Amino acid sequence: MERTRWYKDAVIYQIYPRSFCDSNGDGIGDIRGIISKLDYLKELGVTCVWLSPCYKSPNDDNGYDISNYRDIMDEFGTLEDWQEMVDGMHARGIKLVMDLVVNHTSDEHEWFKQSRSSKDNPYRDYYFWRKGRGKDGKKPPNNWSSRFSGSAWEYDETTGEFYLHLFSKKQPDLNWDNPKVRQEVADICNYWFEKGVDGFRCDVIIYISKEAGLPNGKFNPMLCGDEHFVIGPHYHEYIHELYEKSWSKYDCMTVGEGQGIKRKDAESMVAEDREELDCIFTFEHQECDAVLTAVPRPFKLSRLKKILNNWQHLPDNCWNSLFLENHDYSRSLPRFGKVEYRKQVAKMLAIVMQCQKGTPYVYQGEEIGMSNIEGLDRKDYKDIVSINIYDLAKKIFPPLVPVVRWALRKRARDNARTPMQWSAAENAGFTTGTPWMMVNPNYTEVNVEQQQGDPDSILNFYKKMIAYRKGNEVIRYGTFEEYYPKSEKIFCYERNYNGKRLFIVASFSDKNVSFKVPKGYAFKSSKLVLNNYDDAPVALSSYVLRPYEAVVYEVE
Ligand code: NOJ
């Protein structure tokens, strides 16, 4: 099957179904809710949806723990609803990329139930089972840590052995060294392709191959063991096999989640001739204001620019993903700007990201400038990671709790998971029932309905931005050249393709900043094409940028 690589022209909208739109008043978003918003997506101009997991799941990690890969979570609806949704998307020219969560399953998946039942069960080798260490065999088999805190091993009474879980103990890791597991994964992909899916976002795919013998990791108090499973020994072989057995048979796209992946790793993962993934998400840039993407530190623009610039220089046979937000990160607005300047900051970030080379992703609510939720308390946190960290601090060192509270306010994944703000009606129009998680109280001012009626709104700007990208060759193919890389206030770059040039200047400052056209920058004429203040200069010139001002010129 020919790969048209349609994703290179796509703008992808991520839906976190639990928080998107509730159609039946149970307080939880669902598929019929998504169906009711398809026209909204079409009007926004996005051409593809990445849907976070909607499969059967006990929801230990909100669907990233799957108990049946071939069916829909009861709270979200039925397979018939799903089919109607995908048909409705296709009818509107929107493709669908589903989440493929196959590093691990839920412990409630039938494979795991079988696997844990006895040592000689045919499914035993679908997972990693090992004897414990120590005299009583109750010490974990190695020192690897779960990404969700604590040991990555859980003791199971039934057979007196431990199983491996790099995430929660309800997310046991699949053993990809078992060819049957790899066949199961290919079959799952093909099942959904046959139903009309257009691709997969591959969850923590870089962890699928573990080093033989599962050796101890180098000492690391937070994330121990990485060197034995991040792009492990058989990673490339297993991904290529999946490509051959499934992905190559469809005109699809695959994008892998790449925690810890650096620019230098990317080429071996996504170069077209490797026949593996089409693209990956790097999280390098999420470290511009956090250590290990989780512990807050002051935002440094030069750090962000350096990383983004580096990724803009991927070789031509690789493709980049552009994103600031997803369901695992707090909202970008308070991270990169002051919330008082919501409109300017949100539009500026849209310009800065979407004028780069790669496929842009818009996370639900980003297009209206949703921001973090203030004042969450222990009882309001719903994410297993926030709850674990909070409880751990309380248990081992209570004076740490205020620090944890501060860090969570800034970084908790819950910030991105508050219900979508559709209107100023009760519960932001998300549900007629009691929302599964607190609605951000700012919904009375920040909501879709209000912004639809305001020509100057963030939402209407996103429509303009997305429309501008479409079919614009300089955005798809153009080279990327940065100016003033050391500036902590201005992000400035040029895109150039066959003589068509775009010049982008954006201020990340809440003060006026003077901008000078770079010395020796030659151009005959210029035309303002996008801006976030309505009276920006019509031609490129040295100029005092107002707080968070961003402008895009076509130059000749
Ligand atoms: C990455 C997903 O994005 C995150 O939400 C999830 O908790 C982990 N993978 C585990 O599946």
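Let me begin by describing the structure that accompanies this report.

**What to know about the packing of aromatic side chains**
Tallied over the full model, the rule gives 42 aromatic pairs. Taking the centre distance of 4.7 Å and the plane angle of 65° together, the rings of Phe281 and Tyr361 count as edge-to-face. Residue Phe281 is found in strand β11 (residues 279-282), and its partner Tyr361 is found in strand β15 (residues 359-363); the two are separated by 80 residues along the sequence. Of the two residues, Phe281 and Tyr361, both sit in the buried class.

**As for the pairing of strand β9 (residues 199-202)**
Covered by surrounding structure in β9 are Gly199 and Arg201 together with Phe200 and Cys202, the residues of both alternating faces. Bridging between strand β5 (residues 95-100) and β9 involves four bridges; their strand directions are parallel. Each residue of the ladder has a partner; that of Asp99, found in β9, is Arg201. You can see the chain leave β9, run along helix α6 (residues 235-245) and come back into strand β10 (residues 253-258), and the turn it takes is right-handed.

**Things to note about helix α3 (residues 79-91)**
If you check α3, its first and last C-alpha atoms are 18 Å apart, about what 13 residues at 1.5 Å a residue would give, namely 18 Å. Buried within α3 we find Asp81, Trp82, Met85, Val86, Gly88 and Met89. In a view along the axis of α3, the buried residues occupy a sector of 160°, so they form one face of it. Turned more than 90 degrees from where α3 packs its buried face, Glu80 and Ala91 sit exposed.

**Brief notes about the site of the ligand**
Taken together, the neighbourhood of the ligand is formed by 13 residues, with Asp61, Arg201, Asp203, His327 and Asp328 sitting nearest. Here Asp61 contributes a side-chain N or O atom positioned 2.5 Å from an oxygen atom of the ligand. Contacts to the ligand include Asp203, whose side-chain N or O atom sits 2.8 Å from an oxygen atom. Partitioned by chemical class, the residues of the shell around the ligand number four nonpolar, two polar and seven charged.

**Looking at the pattern of salt bridges**
Here the structure, examined in full by the defined rule, presents 49 salt bridges. Two residues, Glu272 and Arg5, come together in a salt bridge whose shortest N-O distance is 3.5 Å. Residue Glu272 is found in the loop between α7 (263-270) and β11, and its partner Arg5 is found in the segment before β1 (12-15); the two are separated by 267 residues along the sequence. A relative accessible area of 28% places Glu272 in the partly exposed class. We classify Arg5 as buried; its relative accessible area is 15%.

**Focus on the layout of surface pockets**
Estimates place the volume of the second largest pocket at around 610 Å³. Every element with two or more residues in the lining of the second largest pocket is listed here: α9 (332-336) and α12 (401-411). The element contributing the most residues to the lining of the second largest pocket is α12, with four residues. Residue composition of the lining of the second largest pocket, grouped by class: eleven nonpolar, five polar and nine charged. Taken domain by domain, the lining of the second largest pocket gets at least three of its residues from each of domain 1 (8-103 + 179-371 + 441-467) and domain 3 (477-555).

**Some thoughts on the packing of helix α5 (residues 179-195) against α6**
Relative orientation of the contacting elements α5 and α6 amounts to 40°, with a least axis distance of 9 Å. Considering their axes alone, α5 and α6 lie oblique with respect to each other. You can see that α5 and α6 cross each other, and the crossing is right-handed. Contact with α5, carried on its side by Arg182, Gln183, Val185, Ala186, Cys189 and Asn190, involves Tyr238, Glu241, Leu242 and Lys245 of α6 and no other residues of that element. Partitioning the contact of α5 with α6 into residue classes produces five nonpolar, two polar and three charged.

**What to know about the pairing of β10**
Along a regular strand, successive side chains alternate from one face of the sheet to the other. The element β10 is largely enclosed, with a buried count of six among its six residues. Where β9 and β10 come together, four bridges link them in parallel fashion. Across the sheet, Gly199 pairs through a bridge with Met253, a residue of β10. The parallel pair β10 and β11, bridged by α7, forms a crossover whose chirality is right-handed.

**Things to note about the side chain of Ser146**
By secondary structure assignment, the location of Ser146 is in the loop between β6 (129-130) and β7 (153-156). Assessed through its relative accessible area of 2%, Ser146 is described here as buried. Of the polar contacts made by the side chain of Ser146, one reaches the backbone nitrogen of Phe148; its length is 2.8 Å. In contact with Ser146, not counting residues within four places along its chain, are Ser151, Ala152, His165, Leu166 and Phe167.

**Focus: the sheet that holds β6**
With antiparallel pairing, the three strands of this open sheet are ordered in space as β6-β8-β7. Single-partner strands in this sheet number two, and they are β6 and β7. Summarising the sheet, β6 and strand β8 (residues 161-164) pair through two bridges and their orientation is antiparallel. Residue pairing in the sheet places Trp129 in a bridge with Tyr163 of β8.

**Some points on the packing of α3 against α5**
At a minimum axis distance of 11 Å, the contact between α3 and α5 shows a crossing angle of 60°. When the axes of α3 and α5 are compared, the pair comes out oblique. Each of Leu79, Trp82, Gln83 and Val86 in α3 lies in contact with α5, whose residues at this interface are Tyr191, Trp192 and Lys195. When its residues are assigned to classes, the contact of α3 with α5 shows five nonpolar, one polar and one charged.

**Considerations on a nonpolar patch on the surface**
Taken together, the side chains of Leu392, Ile396, Phe397, Leu400, Val403 and Trp406 present a nonpolar region at the surface, about 560 Å² in accessible area. Listing elements by their share of the nonpolar patch, those giving two or more residues are α11 (384-396) and α12. By secondary structure assignment, the location of Phe397 is in the loop between α11 and α12. For Phe397, a relative accessible area of 47% gives the class partly exposed.

**Remarks on the nonpolar core**
Counting 165 residues, the largest nonpolar core has Tyr13, Trp82, Leu96, Met98, Phe200 and Trp247 as its most contacted members. It is helix α10 (residues 342-354) that contributes the most residues to this core, eight residues altogether. Residues in contact with Phe200, not counting those within four places in the same chain, are Tyr55, Val97, Met98, Asp99, Leu100, Cys189, Trp192, Phe193, Trp247, Met253, Thr254 and Val255. Formed by 16 residues, the second largest nonpolar core is a distinct cluster that contains Val513, Phe515, Leu540 and Val551.

Rules used throughout
Residues numbered from 1 in each chain as written. Predicted model: local features only at pLDDT ≥ 70, side-chain atom pairs only at ≥ 80, totals over all residues. Heavy atoms only, no water. Phe/Tyr/Trp six-rings, centres within 6.5 Å; stacked < 30°, edge-to-face > 60°. Helix = DSSP H or I, 4+ residues; strand = E, 2+ residues; numbered from the N terminus. Buried < 20%, exposed > 50% of the residue type's maximum accessible area, 1.4 Å probe, protein only. Pairing = 2+ DSSP bridges. Right-handed = clockwise from strand over helix to strand, strands pointing away. Expected span 1.5 Å × (residues − 1). Arc of directions from axis to C-beta. Near = heavy atom within 4 Å. Polar contact = N/O pair within 3.5 Å; in protein donor to acceptor, adjacent residues only side chain to side chain. Nonpolar A, V, L, I, M, F, W, Y, C, P; charged D, E, K, R; others polar. Salt bridge = Lys/Arg side-chain N within 4 Å of Asp/Glu carboxyl O. 1 Å grid on protein atoms, 1.4 Å probe; cavity = no way out; pocket = protein on both sides within 12 Å on 5 of 7 lines; lining within 4 Å. Points joined across faces, edges and corners; volume = space filled by probe spheres on them. Domains from an automatic or database assignment. Axes fitted to C-alpha atoms, helices over the stretch in contact; angles between N-to-C directions. Parallel < 35°, antiparallel > 145°, perpendicular 65-115°, else oblique. Left-handed = near helix turned anticlockwise from the far one by under 90°. Contact = heavy atoms within 4.5 Å. Patch = residues over 30% accessible without salt bridge, like charges linked within 9 Å, V, L, I, M, F, W, Y side chains within 5 Å. Areas by Shrake-Rupley, 256 points an atom, 1.4 Å probe, with all protein chains shown as cover. Core = buried A, V, L, I, M, F, W, Y, C linked by side-chain atoms within 4.5 Å.

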